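Breakdown of the fold
What follows is each chain in one-letter form.
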Amino acid sequence: PGFYTDLAEVPPLDGTDWSKEEKNLFNESIWSYRKDIGKVAKHTGKSINNCLAYYYGSFKQTADYARLKSVCSIEEKQTKDGYADYCAVCDDGGELLCCDGCKNAYHLGCLDPPLLEIPADDWYCVECVMNKNFNCSDPKRKKQRRSRGGT
């Protein structure tokens, strides 16, 4: 018994020894806690190091990771009230017109055709017009988000 014998008995950190149920629990947790590895570790009963190794060694190579990254990126770009704080066309902030049917916002000049001023009435983006999404659950909120000032 020596170092190499003892090393052979150490479980791998990358999750290759995890059961299907443990991997599913990790996937559920990483989505629920939005990549907060500390909370994922607590929820799965695994060490933080074990979760990090699995995350970097296995999970990042999956389609689930690509979807999670995309969702987290979108969430980071939304304001606290849930509406976009960046232009859906150019991805920059600034003075934005918010759609009354969804959470997207646009610079007046990025619209096709561009607008010269913020409309007085309800305004819907192309996606909402195409999908006939003309819903706004809270008219007061709609008025508050009509124009979102830039930073």
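Below: a short report on this structure. (Residues numbered from 1 in each chain as written. Predicted model: local features only at pLDDT ≥ 70, side-chain atom pairs only at ≥ 80, totals over all residues. Heavy atoms only, no water.)

**Quick word on helix 4 (residues 48-57)**
Within the span of helix 4, buried status applies to Asn 50, Cys 51, Tyr 54 and Tyr 55. Around the axis of helix 4, the buried residues are gathered within 130° of arc, so they sit on the same side. Facing away from the buried side of helix 4, by more than 90 degrees, are the exposed residues Asn 49 and Tyr 56. (Buried < 20%, exposed > 50% of the residue type's maximum accessible area, 1.4 Å probe, protein only. Helix = DSSP H or I, 4+ residues; strand = E, 2+ residues; numbered from the N terminus. Arc of directions from axis to C-beta.)

**Points about the packing of helix 2 (residues 20-32) against helix 4**
Relative orientation of the contacting elements helix 2 and helix 4 amounts to 90°, with a least axis distance of 12 Å. When the interaxial angle is binned, helix 2 and helix 4 end up roughly perpendicular. For the pair formed by helix 2 and helix 4, the contact residues are Lys 23, Phe 26 and Ile 30 on the first element and Cys 51, Tyr 54 and Tyr 55 on the second. In terms of residue class, the contact of helix 2 with helix 4 is made up of five nonpolar, no polar and one charged. (Axes fitted to C-alpha atoms, helices over the stretch in contact; angles between N-to-C directions. Parallel < 35°, antiparallel > 145°, perpendicular 65-115°, else oblique. Contact = heavy atoms within 4.5 Å. Nonpolar A, V, L, I, M, F, W, Y, C, P; charged D, E, K, R; others polar.)

**A word on the environment of Thr 44**
The topology assignment puts Thr 44 in helix 3 (residues 37-44). For the pair Thr 44 and Glu 22, spaced 22 residues apart in sequence, the C-alpha to C-alpha distance is 7.3 Å. When sequence neighbours within four positions are dropped, the list of residues in contact with Thr 44 reads Leu 25, Phe 26, Ser 29 and Cys 51. For Thr 44, the side chain forms a polar contact with the main-chain nitrogen of Lys 46, separated by 3.4 Å. (Polar contact = N/O pair within 3.5 Å; in protein donor to acceptor, adjacent residues only side chain to side chain.)

**Describing the side chain of Asn 27**
Looking at where Asn 27 falls in the secondary structure, it is placed in helix 2. Setting aside anything within four residues of it in sequence, one finds Asn 27 in contact with Phe 59 and Asp 64.

**Overview of the pattern of salt bridges**
What the rule picks out here adds up to two salt bridges. Two residues, Lys 46 and Glu 22, come together in a salt bridge whose shortest N-O distance is 2.9 Å. Here Lys 46 is found in the loop between helix 3 and helix 4, whereas its partner Glu 22 is found in helix 2, with 24 residues between them in sequence. In this structure, Asp 64 and Arg 67 form a salt bridge, with 2.4 Å as the shortest nitrogen-oxygen distance. (Salt bridge = Lys/Arg side-chain N within 4 Å of Asp/Glu carboxyl O.)

**Remarks on the packing of aromatic side chains**
Within this structure, the stated rule accounts for nine aromatic pairs. When the ring of Tyr 55 is compared with that of Tyr 56, the centres are 5.0 Å apart and the planes differ by 85°; the resulting orientation is edge-to-face. On the accessibility criterion, Tyr 55 (7% relative accessible area) is buried. Judged by centre distance (5.6 Å) and plane angle (75°), the ring pair of Tyr 106 and Trp 123 falls under edge-to-face. Of this pair, Tyr 106 sits in strand 2 (residues 105-106) while Trp 123 sits in the loop between strand 2 and helix 6 (126-131), placing them 17 residues apart in sequence. Across the pair, Trp 123 and Tyr 106 agree in class, each one buried. Pairwise contacts between aromatic rings join Trp 18, Phe 26, Tyr 54, Tyr 55, Tyr 56, Phe 59 and Tyr 65 into one cluster. (Phe/Tyr/Trp six-rings, centres within 6.5 Å; stacked < 30°, edge-to-face > 60°.)

**A closer look at unusual backbone geometry**
Look at the link from Asp 112 to Pro 113: it is a cis peptide, with omega at 5°. Along the polypeptide, Pro 113 turns up in the loop between strand 2 and helix 6. The backbone of Arg 34 sits at a positive phi, close to 45°, despite the residue not being glycine. Here Arg 34 is to be found in the loop between helix 2 and helix 3. Even without being glycine, Lys 35 reaches a positive phi, approximately 70°. Considering the arrangement of structural elements, one finds Lys 35 in the loop between helix 2 and helix 3.

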